[in-house]
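# Coordinates in review
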Amino acid sequence: MADTKASPEAEESQASPERLKVTIDGVTTEVEPGTLLIEAALKAGKYIPHFCWHPRMKPVAKCRMCLVEVEDQRGLPPACTTPCSNEMVVHTDTPIVQQVQESVLELLLANHPLDCPVCDRGGECPLQDQTMAYGPGESRFVEEKRHYEKPIALSELVLLDRERCILCDRCTRFADEVAGDPLIAFVERGNRTHVLTFPDEPFRSYFSGNTIEACPVGALTAVPYRFKARPWDLEEVESTCAQCAVGCRVKLQSSSSRVLRVLGVDSEEVNQGWLCDKGRFGFEYLHHDDRLTAPMIRIDGELVEASWGEALDAAADGIKRAAKEGPDALGFLGGSRSTTESAYAFSKLARIAGTNNVDAQLGDGLEAAFLVGANPRASIANLDSAAAIVVAGPDLKEELPVLYLRVKQAALKNGVPLIECSPMQTGLSRYAAVSLIHRAGETAQLLSALAGAAQREPTDRPPAGASATDFQRAVEIISEACDKNAVVIAGRTGLATSDGELGASATQLAEAIGGLVLPVAHRANTMGALFAGCAPDLLPGGSRLADGDGGSRAAIEKAWGRAVPSHEGRDASGIVTEAARGNVGALVLMGADLIDDFPDRSLGLEAIGRTGFIVAIDIFMTPTAAAADVVFPAATFGEQSGCVVNIEGRVTRQVAKVAPPGSSQPEWYLLDQLTSRISGKPARWTSHQDVFEEMAAAAPAFAEVTRASIEGAKGTVVRASDTYAPQEIEHPPIATDQYNHRVIAGRKLYGDGQVSGRCTAFRRIDTKAVARLNSRDMSRLGVEDGVAVRLRGARADLEIAVMTDDSVPEGSVSVPFNRIATSSGADEKETGESALHPIRVADLIDSTAAVNEVRIETLESPA
Amino acid sequence: MTEVLLTRISEPEAWRIDRYKELGGYEALAKALKSMTPEEVAEEVKTSEIRGRGGAGFPTGVKWGFLPDVYPRYLVINADEGEPGTFKDRELIEFDPHQLVEGTIIAAYALKVNWSAIYIRGEMVLGAARLENAVRDAYGAGYLGKNILGTEFDLDIVVHRGAGAYICGEETALLSSLEGQRGEPRLKPPFPAVEGLYAKPTIVNNVETISAVPHIVNKGGAWYASLGTEKSRGTKIFSLSGHVNRPGNYEVELGTTFRSLIDDYGLGVRGGNKLKAVIPGGASSVWFVEEDLDTPLDFDAIAAAGSMLGSGAVIVMDETTCAVRAAARLVKFFSHESCGQCTPCREGCAWMYKILTRIEEGAGRSEDLDLLLSVGSGITPALKTEGRMAMSEVLPYTTICVLGPSAVTAMAAPLRLFREEFEEHIRLGACPKAAGTGITTQDRKASRG
Amino acid sequence: MSFSAENRRIADRIVAQYPQSESAVLPLLHLAQSQDGWLSPDGMREVAEILGLEPAQVFSVASFYTMYLREPAGKKIISVCNNISCMLQGSDELLERIEHRLGSKCGHSTSGGEVYLEEVECLAACGGAPCLQVDGEYFENVTIEAADSIVDSAMRGERPEGGKGLPSDFYSEPLGAPSIPEGLGANEGEGS
Ligand SMILES: Cc1cc2nc3c(=O)[nH]c(=O)nc-3n(C[C@H](O)[C@H](O)[C@H](O)COP(=O)(O)O)c2cc1C
Ligand code: SF4
Ligand code: FES
């Protein structure tokens, strides 16, 4: 053993902290202190072969492929763990280094099967590539190879072939270090080491697919991709994931006009290479037989296929007829699942048809003005170095998984204190310095109280039922973080509470502590649709309709050649409520399913029943579309190009890779046709770029967003022209009935929606809905796990099995919003024919109430 | 024989606290805590110039000096003794556990440590129990816990049992294991003294090293330094095993020769047989032969002769021994005990073992001997193909710790000393030694203790 | 398996001995094994639960170490050293003899479940080679005759004669009990 003191280099580097000069194989380059040799070499254009090193994980130096020689240093240090020091001279191509590389490869191949021709990774395998470049000529290993049972399923999505594994520790490190789900690990030791799960406990991680991409050989393969294609047959484009509003950058790979694989792109700004499994595997719906392929119109009560001309005429006639009754006889819902171009076209159609009743959110988000106007707005990357992070919103792990990873990383790796304000514990609770668990529906009150306390306003007791010590601890943390760029993440905490002033309170808190706000929305392009003006009070560009009399309104009216209606519009809840009263003549729904998406299903059903004319633009025959008068088949993710805007306001491109089925069209196209029929002016657009240019010209906020600036992974960030500045906030008291339970209705990552339900990859994942209750409530009710109870709500009753879960506080009940409560299982999911009947949590919810409560009744036990 | 650590070993029941105290135990502790500052204690240890007895021979006082001024810091005693041929720590623990406990308390005092662990091999069931009991009794007597002997000094000692992994003797693997992880060695730097247990400064010392501390405090560092040779001070316990007439642990002043150890203490090679080879410092060391026996038992002299003193395990092999079989057995051991992190060690040791087994079983090929050396050079690229092997050839190595290189030594040292025997083995397709070993049917003289 | 109330108390004391609870993985696994005679998946799961770890993490650690028996074994365990010093003194022949007398191979238990026989690495008793352990008790300088009688006793479920002692000969504390007496530990840790 040769203990030595801290190396003298370390001291030297402190002397000149700016840049270090490193010479690698004669090429000199300058790097930041802390740069690893392997990174410096990449910068200098010198590739040092490696297997275990991954730029996004802690280096472990296990494979020993990257050993180099450093002048004046003994031994063969691994480039993957050796930090650069000033004036370091490194050799990566000496005879001894080459000998090491050759023998490491020979040793790795000794027990590796020769099954490249049937391996999914063949053709894109680092082991194969490096063997060509640095490997020995032929194998001298004549002994019997190590044998393992052929591929074993680590989970529903990932297979492991242990014979191919080179034990680089990437998948296991990823699971532990990045995902926080250490469900796979090395077992046994030495030559018998292999990767495994605990018996009967699969690798059920929302991020499991990343391990496949990180694997440097073909040991890990995806169930959905296995044997589907050879890498050289794949064509790819870079695009943006459409599963949630994080907007992860992806590579979309296809062959013969079918999307076969989605891979992550390492964008420092957004996803750092990671994807959640829903984003990675949730594309199979694209090619599902249920896709709509032709327009349909209702004739004698039946929906029948029609030509595009007939359908467009029918839709335009219906809208025009209703428009005669005045602006409030029209309602336009949707856009958050579309490209921004299509959302813009939708917003424009509404206005041309004469109404401001347009909303991209379906009563499940926050105030549009807050979402687009939050200021100063945080970027995702701001989280890394925030002085503190306050999360007041949904369970990020379930709804915005890759944002969850970033927050977790900030907390765990960078030590950023995390304050969670949530009605129940979430995936982040383990990493939180404080979890302020409080009564559902009172998050805004809590944020205002924190803001007050940060400004030393006396509070008598913590609001919303949060614990006093936790509250105090949170106040200490945010006080410490004042004026140091703390970030407040704010989003809807659930679908059973209105969370009315949450945006305002979050803004108030951020202001009080001199921090930033990161508003979060659920659907992929909610932000883009709002920026495109799909909100009753916003114009394209995000400026306020009421204040927009200056530049923006004028610019828009000039672009459209038409006045923008000035009456105050209704939001989704307003439109649906009026429709349910029979006051709406025509509803135009674009990727908006009132029956499955709207939090208050009784109201949604009522609205559909009582609206005279409905146009549905969608990709499947959703329950709502089935009730429509005209149905248009739309192109979707991977089939159309355009831009999307993520939670930060970052605009990036989605790119078409395959053709949409049948005669489906991009939405902007058919909306332009409709607009033309309504306005009497010719249609204007022949490509999404035409739409983009008109939008950029009409909306000042998009002025800096040029087509060039949104190319690439980084995209560009759009700022709203009006910043959000809440007035006095009032929190009306909420009465609680102590015999009732407050409902927490969050979404789970895997639901029974139109899209997930049609991905075979997710078919075997259990999505049974259960109601979760605190163990004390369970024993008070005298029920055990798995027993069905009746939840009596304001709107309906729901029979559902219960499960003990102490992450739910006493007095609350947690139910998954996006799962079918009485799902009979696979058959239904397979066909996706959920008809009108399966009971959903949305049946319980009264969207007009600030909070929803249920009474829980035990059922007669069946004999 | 100069017995310092082994003085009490033949005393009946010296493991009991009352017996130990009767024999002068815990006097050093009182002396250290009541009349010396921690710095003074550390200084005595430095003056003694004792070098670590765990294998690497690093000067203990110097190592202690590396601790940065960071607290908490930890002291961990390495009682994982697993190096084949080594059995000194087990006897020290079984027969004189309080000596180790007292040494640990004094060392902790000197190092300003308040929590210490003794990591003992799980297989040493009796030793662990004796040690645990000694610790309990030391608490009872006020030598552990709060305000030891009425001073401000607090210390807890936890006896932590391993569970069957030789690699946990490597100090950083030991720390991983003590943290509840797989026993995988860590990259150095950082060294444990800077970032050890729970990423805090940690001193890891061997049982024998720490057992010497009470004596150094009692009689002074200068006294200890007066024993042994100039660069290898004090006494050292050598574990003598294999083909000698009287195997056992012998504590001698450093500087005694191998010949003296084998002939005077071990009473010579069994049955008057001729000596074939000696493994001088545990399974990881380069083999010696007859002509090396006058080398003194001294860290530097053994190094100069091409091997190492290591843990003090001296394994004697007489002329009946099959070199192929011995090499295969040693490499099997290293392959079995490789943690598996490093490609060259994980794959290379197993490959070497497979080739050696094939040769031993009679299926060797003429190219196998060069192949063995070539596979070895994947771990130690400077490995030569001819002549007697020297320890220096294992530098540089391609692995994280020296277990991998040890396996290369265990293969290459005998192969290069006895290459003809290997070749004959291949040619005959069988072992040329008629009777490799043979179990005796009568009880041999039991070793000491 | 599930820890007995007494063992659960011991488990809590073991955890409290360490500055960080994860350090208790090995001792708790020993405790689980001493209770059940082997380390079952349930045992690992319980240890994981006590320490707030995933079972996979505990499995990963447990399987690294050879002393944890991950399958039920015979009632008595004979562990024969096969390393160099013992080999030089005939441990291979000894092992063969024992296999023959037991009628079962190394790495297996006898058909009646009486004895499990294993090969182990150096037991640090090379001065008394060849050596073996029966349930952790050392037997040194084992001759063929001695081996036969060890096997016979073990098959009868008895403790063989001639061993070097077991903790139970001297102490009453259960195996695996913490070394810090109850109530005396300061549990010096990170935070303190
Ligand atoms: C593979 C390997 C096994 C080792 N085994 C032991 C051991 O069983 N006991 C021991 O004290 N040191 C062992 N060591 C040495 C330790 O790493 C460390 O140097 C020693 O415990 C330090 O104590 P000392 O300075 O008192 O010698 C081993 C080293 C290696 C590389
Ligand atoms: S050399 Fe072998 S034992 Fe040492 S760390 Fe590497 S793999 Fe593990
Ligand atoms: S990349 Fe450096 S050791 Fe694997």
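Since the structure is predicted, the reported quantities are computational estimates derived from the model, not experimental observations.

Time to look at the interface of chain B and chain C. In this complex, chain B contributes 86 residues to the contact, which on the side of chain C involves 70 residues. Around 6,300 Å² of area is buried between chain B and chain C when both sides are counted, 56% of it from carbon and sulfur atoms. The tally of links between chain B and chain C comes to 4 salt bridges. The salt bridge involving Arg329 of chain B is made with Asp92 of chain C; its shortest N-O contact spans 2.8 Å. Here chain B and chain C share 27 residue pairs in polar contact (both at pLDDT 80 or more) between them. Going through the elements one at a time, helix H5 (88–95), strand S2 (115–120), helix H7 (125–140), strand S3 (156–161), helix H8 (171–178), strand S5 (235–242), strand S8 (313–318) and helix H14 (323–337) of chain B are the ones with two or more residues in the side of chain B that touches chain C. With 9 residues, the single largest contributor to the side of chain B that touches chain C is H7 of chain B.

In this section: the packing of aromatic side chains. Ring pairs (aromatic) are described by centroid distance and by the angle formed between their planes. Under the counting rule described, the total for this entry stands at 29 aromatic pairs over all chains. Judged by centre distance (5.9 Å) and plane angle (85 degrees), the rings of Phe198 of chain A and Phe59 of chain C are edge-to-face. Here the residue Phe198 of chain A occupies a position in the loop between strand S8 (194–197) and helix H6 (209–214), and Phe59 of chain C occupies one in helix H4 (residues 55–62), the pair thus bridging two chains. Exposure remark for Phe59 of chain C: the relative accessible area of 8% places this residue in the buried category. With a centroid separation of 6.0 Å and an interplanar angle of 40 degrees, the aromatic rings of Phe58 of chain B and Phe66 of chain B are classed as tilted. In this pair, the class of Phe58 of chain B matches that of Phe66 of chain B, namely buried. An aromatic cluster is built from Tyr74, Trp115 and Tyr198 of chain B together with Tyr18 of chain C, whose rings are joined through pairwise contacts. When the ring centre of Phe64 of chain C is taken as reference, the NZ or CZ atom of Arg189 of chain A above it lies at 5.7 Å. Over the ring of Tyr138 of chain C we find Arg90 of chain B, and its NZ or CZ is 4.5 Å from the ring centre.

Another point: the domain arrangement of chain B. Residue and element names in this part refer to chain B. Taken as a whole, chain B is organised into domain 1 (17–225), domain 2 (235–318) and domain 3 (323–448). Here the C-alpha centre of domain 3 lies 20 Å away from the C-alpha centre of domain 2. Counting residues at the interface gives 22 residues for domain 2 and 21 residues for domain 3. Between domain 2 and domain 3, a total of about 1,700 Å² is buried, with carbon and sulfur atoms accounting for 64% of that surface.

What follows deals with the interface of chain A and chain C. Opposite the 14 residues of chain A that make contact, chain C presents 14 residues. When chain A packs against chain C, close to 1,200 Å² is buried across both sides, 62% of that on carbon and sulfur atoms. Of all residues in chain A, Glu188, Arg189 and Phe198 of chain A bury the most surface against chain C, accounting for 48% of the area lost on that side. The residue Glu201 of chain A makes a salt bridge to Arg45 of chain C at a minimum N-O spacing of 3.1 Å. At the surface where chain A touches chain C, the tally comes to 5 residue pairs in polar contact (both at pLDDT 80 or more). Among the secondary structure elements, those contributing two or more residues to the side of chain A that touches chain C are strand S7 (184–187) and S8 of chain A. With 4 residues, the single largest contributor to the side of chain A that touches chain C is S7 of chain A. A breakdown of the residues in the side of chain A that touches chain C according to their chemical character gives 9 nonpolar, 1 polar and 4 charged.

Conventions and cut-offs
- Residues numbered from 1 in each chain as written.
- Chains lettered and ligands numbered in written order.
- Predicted model: local features only at pLDDT ≥ 70, side-chain atom pairs only at ≥ 80, totals over all residues.
- Heavy atoms only, no water.
- Contact = heavy atoms within 4.5 Å.
- Buried area = accessible area lost by both parts, 1.4 Å probe.
- Salt bridge = Lys/Arg side-chain N within 4 Å of Asp/Glu carboxyl O.
- Polar contact = N/O pair within 3.5 Å; in protein donor to acceptor, adjacent residues only side chain to side chain.
- Helix = DSSP H or I, 4+ residues; strand = E, 2+ residues; numbered from the N terminus.
- Phe/Tyr/Trp six-rings, centres within 6.5 Å; stacked < 30°, edge-to-face > 60°.
- Buried < 20%, exposed > 50% of the residue type's maximum accessible area, 1.4 Å probe, protein only.
- Lys NZ or Arg CZ within 6 Å of the ring centre and 35° of its normal.
- Domains from an automatic or database assignment.
- Nonpolar A, V, L, I, M, F, W, Y, C, P; charged D, E, K, R; others polar.

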